[in-house]
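One letter stands for each residue in the lines below.
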Amino acid sequence: ERVHLAEDGLITIVVSLDELSVSVKTVKIVTKGLVLEETFVKELKANLTNALNQVDLRAVKNEEELSNIIRKSIKNFVFRAIKKNPMILPIILVV
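Residues numbered from 1 in each chain as written. Predicted model: local features only at pLDDT ≥ 70, side-chain atom pairs only at ≥ 80, totals over all residues. Heavy atoms only, no water.

### Looking at the nonpolar core
Among the nonpolar cores identified, the biggest contains 22 residues, and Ile13, Val15, Leu48, Leu66, Ile70 and Ile74 are the most heavily contacted of them. Counting only elements with at least two residues in this core, the list comes to β1 (10-18), β2 (23-32), α2 (38-54), α3 (63-82) and β3 (87-94). For this core, the element with the highest residue contribution is α3, accounting for five residues. (Core = buried A, V, L, I, M, F, W, Y, C linked by side-chain atoms within 4.5 Å. Buried < 20%, exposed > 50% of the residue type's maximum accessible area, 1.4 Å probe, protein only. Helix = DSSP H or I, 4+ residues; strand = E, 2+ residues; numbered from the N terminus.)

Written out as structure tokens, the structure is:
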């Protein structure tokens, strides 16, 4: 794991969901060990928001399933863009 973090970095995704409407309120992206341009981070956030809007969040069984959706979306986007495979840590807050 240490070697993986040193080579590819870490992306932390904080997603806050509205409990009543079951919709995405905010998405925050924090990176460590990766130097990403601000425009790329904005594209990443837009891609993730789009992916989450396409999913019926009421049908998602648990936070683990939602975390896997987030990981898959981010992993594919980042690998296509910069050919790196960072560790992805989704944090889901229901407010």
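### Brief notes about the sheet that holds β3
In spatial order, the strands read β2-β1-β3; together these three strands make up an open sheet with mixed pairing. The open sheet is flanked by β2 and β3, the only strands paired with a single partner. For this sheet, the mean inter-axis angle between neighbouring strands, taken without regard to orientation, is 15°. Sheet topology note: the β1/β3 ladder contains eight bridges and is parallel. Counterpart to Val14 in the pairing with β3 is Ile91. Against the sheet, α3 touches β1 and β3, its axis set at about 135° to β3. (Pairing = 2+ DSSP bridges. Axes fitted to C-alpha atoms, helices over the stretch in contact; angles between N-to-C directions. Contact = heavy atoms within 4.5 Å.)

These results come straight from atomic positions and should not be treated as a statement about function.
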